[in-house]
Each structure stands twice: as C-alpha cells, then as structure tokens.
Amino acid sequence: MDITKLLLYVTISMTSSMTKGVSSIREQTKEYCMTETFKPQCSKNEVILMESAIYGRMQIGKCLKAEEIETLGAGPRHLGCSVDVLSLMDEQCSGKMTCEIRVFDISDDKRQPCFSGLNMHLEASYRCISVADETRNCAVKVSRTPTHIDISRNVCGTQSQPWTLEAPIGQKLVVSLVDLTPTESQNGNGNRCQRMGYIVDRAAGRNISICGVGSREKQLYASTGNAVEIVLDRHSESNKNQRNFPIFLSFEAVGCSDIVPSEDNWLKRRDDVIVIGCYSSRQSWQLNCINGKWVGAIGNCSKEMSKSEQMRDTDDESKLSEKAEVLAIVSICGFTLAICFIIVCIGALCLRRYYIQNKAKSDYRTLNYESDFGRSKELSGQKTSSAFPTHRTGDAVNGSLAHQLPSYSLYLGQDGVNIKDNHHGQTNP
C-alpha cells in the first residue's frame, strides 16, 4: 500500500467514525404543551442527558396562541414568565435510557411563574450519550466520539480493576466531569474539592484528583500519552449523598492518530505536523492535523520524476559533490600543516637539548684542563721548598718560610679560568 492510499484510507476512516459518532448523539429541542408527555428515548448503551428544561409561558408558538395573548393582554405574568426545572428533569430522566413526564404534573405551588389557571408548556432539550458497558469489559477504546462512565456503578473502577481508557497512538485523551447534582445541594461544601476518585497518567507519572465543585460540566485533564486509568472512590461523600443525580466522566480522543508509512517512505512527526518523504528521491510532503484529520497534498514515490526534477536533483548532487571535494582538500592541507608544525617543534626541542648537553661537556673539560695546569705551575714555583724544613699544623704552614713559598689560586671568571699569584697579587688568565 503506497502512502497516498494509506492517507486516503485514514482520512475516510476518521471521517466515517466522526459521522457515526455525531449520529449517535441526537440533540433534540422541543415544545411540549400542557396535555402532552415528555418521553425521550435513547438506543442501547446510551442514556439521556438533559440539556435544558424551562416551564411557563415563554413565547407565542405551538402551545401559546396569539389570540389568547390579545384577550388576556401581554402582562409579565401572561407572557414571558417561566421557571427553570432542569433539576427536576435530571432527577427523573438523566442517566436513563427512557423516561416519561406529563407536563401537567410539573406544576405545583413551588413552580408557579405565571398566573394560576393559565395553560403553561415545557421547552426541553436533551441528548443521548454513549456509556461504557462495564459488564463486558473495564477496558474502553476511546475515539473522537465522547464516551461516558457512570461513577455510581460498582464493577469497574477499583484499584485492583480500574477503568483503562486508550485512544489510538498519536492521540490524547481529554477527561471531563458531568456532575448533575443541583448547585443548591453543593452549597454546603463551598469550593472544597469533593473527591470522587483519581486519574492515573502513567506517561506523565502523576495522579489527578477527580473533584466536583458545582459546575455541571467541566474539563478535568488532558493526558500526556494515549492512555489513562480511572480509580473511583466508592465511599466518597459525593457518591453517598447524590444517588438521585447521576455523575459521569466523559472521555474523548483529540488530535490525529499516527500514520504508518509504507516501505518506500519515511515519516517524522512533531505535534500536529507530519513530514513524509521518499527513500528513493528527495521528495517530501507536509501534512497538518486539523479537526482530527491529516490535511495536505502528497505525491507518489513510485512515479518517475520529470526531466526538470531530474536535472534539478543532478545539479544539486553535483554541487554537493564539489563542496565535498573542496572540504576534503582543505581538511588534508590542514592536517599536513599540523603534522609539519609538530615535526618542527620536536626538531627544535631536540637541537636545543643537544646544544645544552654539548656546552656543559665543553665547559667541564676546560675546567679540568685549567685546574691541572694550575697545579703543575704551583709545583714548578716551589724551587726552594726542599732546602727549608717546614712545620705544619693541619693545613696551615708555620714559620716565616711560608712567605717565601709561591702560592697560586685557581678560580672561574667571566673570561674563563683565572690563576692568581697569592704572593705577588697578580692574576693571569
């Protein structure tokens, strides 16, 4: 399968799954008169989620005729008077596959927005949401169609058997809370987190608390990877006290799933951008993830390139070859110069060492020669030393004869070895 067919297949698959998901979530808004019955119906593995419910005399339409308003007058309690009954409808319909409520039964002393005795009607909207069937499996494959979990159920969601939610590789999960508990029932808790469980994101290495703080629907978390686990607290205060009002966790896959390239293609992805290229040529294409679909035009690596493309590639290759040759020559010259410099430095060091050693030997021989010459001259100057007896104490000569004997000293000067006549005070180089 080449990359074009693969991309087309992925796009069609994602589009069909999105279309299927939209058709399964049917939103309906309708006006129900005093003598009618509100009776919504959802399909298998779906439940009702009320969106709005208003009871009164809102506007002229199916249930309220213009002639009646002309007779009674358009006073504030004749037209435009209403009361919100969403909590009542949630308690009796939300979370169920079907329900049945007569509009006449809605009216009581607490819900009388208009004058008593006037005919009132109901305007209600709802949608059917898909719910995971925990009797079959606690692992849910999440798609772009939102999937819901009723946290009041008791099979999945334990630490030993958590809910495991997984989206296709490359996509991320968005977790939302749908809490239908009336706001007035939560006022005692203020903004305190009513912990219902926690989300385990192993890719991020963290747990995120599931809290209800009064909002009907709110986003809780966007995952780092494509999978999370859900552990629910069965003993939470929220689960105990609000059994009449269902609470759902909603999951939806966002982004684009990874594309598996063919053998002839390479692929690099960074966030919502994919670059696809050919191994056999320098061709490449970029795709962008938009609304869950990869958008962008790509070619076919198997087709032959045009002459202009071949000439451009040939020119590029020749330029690269020339640059490589120049770089090789420069590298060789630099290496040769470095070797020459090292050899010159080593030679200079050897010559310097040789010169120092020879100079030291020459000075040593000269010093020995001059020392021997001084001793011979000193001995030749002692002509009368045998005619006079001497008396020595240690190395010193006693008596007046010491002044008559010649004495020489040998020492090194700036001009070489010097000989000093200690008797006459003369110095000979």
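Residues numbered from 1 in each chain as written. Predicted model: local features only at pLDDT ≥ 70, side-chain atom pairs only at ≥ 80, totals over all residues. Heavy atoms only, no water.

Draft legend 1. View of the overall build of the protein. Of regular secondary structure, the protein possesses six helices and 24 strands. In the protein, the share of contacts with a sequence separation of at least 24, taken over all contacts with a separation of at least 6, comes to 67%. Total accessible area on the protein is roughly 26700 Å²; 53% of this is exposed by carbon and sulfur atoms. (Helix = DSSP H or I, 4+ residues; strand = E, 2+ residues; numbered from the N terminus. Contact = heavy atoms within 4.5 Å. Areas by Shrake-Rupley, 256 points an atom, 1.4 Å probe, with all protein chains shown as cover.)

Draft legend 2. Representation of the pairing of strand β14 (residues 227–232) in the model. Of all six residues in β14, five are buried, a share of seventy percent or more. Pairing of strand β9 (residues 163–166) with β14 involves four bridges; the strand directions are antiparallel. Note that in β14 the partner of Glu 166 across the bridge is Ala 227. (Buried < 20%, exposed > 50% of the residue type's maximum accessible area, 1.4 Å probe, protein only. Pairing = 2+ DSSP bridges.)

Draft legend 3. Expanded view of the pattern of salt bridges. By the definition in use, this model includes 10 salt bridges. Taking the shortest distance from any N to any O, the salt bridge between Glu 36 and Lys 62 comes out at 3.1 Å. Here the residue Glu 36 occupies a position in the loop between β1 (27–32) and β2 (37–38), and Lys 62 occupies one in the loop between β3 (46–57) and α2 (66–72), the gap between them amounting to 26 residues. Glu 36 gets classed as partly exposed once you look at its relative accessible area, which sits at 26%. Judged by its relative accessible area of 41%, Lys 62 falls in the partly exposed class. Among the ionic pairs, Glu 100 bridges to Lys 39, the shortest N-O distance being 3.9 Å. (Salt bridge = Lys/Arg side-chain N within 4 Å of Asp/Glu carboxyl O.)

Draft legend 4. Structural view of a nonpolar patch on the surface. The grouping of Phe 335, Ile 339, Phe 341, Ile 342, Ile 343 and Ile 346 at the surface amounts to a nonpolar patch, some 630 Å² of accessible area in total. Classification of Ile 343 as exposed rests on a relative accessible area of 55%. (Patch = residues over 30% accessible without salt bridge, like charges linked within 9 Å, V, L, I, M, F, W, Y side chains within 5 Å.)

Draft legend 5. Molecular detail of the environment of Gly 212. Assignment of secondary structure puts Gly 212 in strand β12 (residues 206–212). When the C-alpha positions of Gly 212 and Val 178 are compared, they lie 8.8 Å apart, and in sequence the two are 34 residues distant.

Draft legend 6. Summary view of the state of the cysteines. Here the structure, examined in full by the defined rule, presents six disulfides. Disulfide partner of Cys 93: Cys 99, at an S-S distance of 2.0 Å. In this structure the cystine formed by Cys 93 and Cys 99 twists about its S-S bond by roughly 90°; its chirality is therefore right-handed. Of the two residues, Cys 93 and Cys 99, both sit in the buried class. (Disulfide = S-S within 2.5 Å.)

Draft legend 7. Structural context of the packing of aromatic side chains. What the rule picks out here adds up to two aromatic pairs. With centroids separated by 5.1 Å and ring planes inclined at 85°, the aromatic side chains of Tyr 32 and Phe 38 adopt a geometry described as edge-to-face. The two residues Tyr 32 and Phe 38 agree in class, both being buried. Between Phe 38 and Tyr 126 the ring centres are 6.1 Å apart and the planes differ by 80°, which places this aromatic pair in the edge-to-face class. Note that Phe 38 is positioned in strand β2 and Tyr 126 in strand β6 (residues 121–131), a separation of 88 residues in sequence. A relative accessible area of 0% places Phe 38 in the buried class. (Phe/Tyr/Trp six-rings, centres within 6.5 Å; stacked < 30°, edge-to-face > 60°.)

Draft legend 8. A look at the sheet that holds strand β16 (residues 265–270). If you walk across this open sheet you meet the four strands as β16-β17-β18-β19, and the pairing is antiparallel. Whereas interior strands pair on both sides, the edge strands pair on one side only; in this sheet they are β16 and β19 (293–295). Between one strand axis and the next, the sheet turns through 25° on average, direction left out of account. Note: strand β18 (residues 284–290) against β19, three bridges, orientation antiparallel. Each residue of the ladder has a partner; that of Cys 289, found in β19, is Trp 294. (Axes fitted to C-alpha atoms, helices over the stretch in contact; angles between N-to-C directions.)

Draft legend 9. Spatial organisation of the nonpolar core. Counting residues in each nonpolar core, the largest one holds 26 residues, and the members touching the most others are Trp 163, Leu 165, Ile 199, Ile 210, Ile 230, Leu 249 and Phe 251. When residues of this core are assigned to their parent elements, the largest contribution, four residues, is made by strand β15 (residues 247–254). Counting 24 residues, the second largest nonpolar core, distinct from the first, contains Tyr 55, Cys 93, Ile 106 and Cys 128. (Core = buried A, V, L, I, M, F, W, Y, C linked by side-chain atoms within 4.5 Å.)

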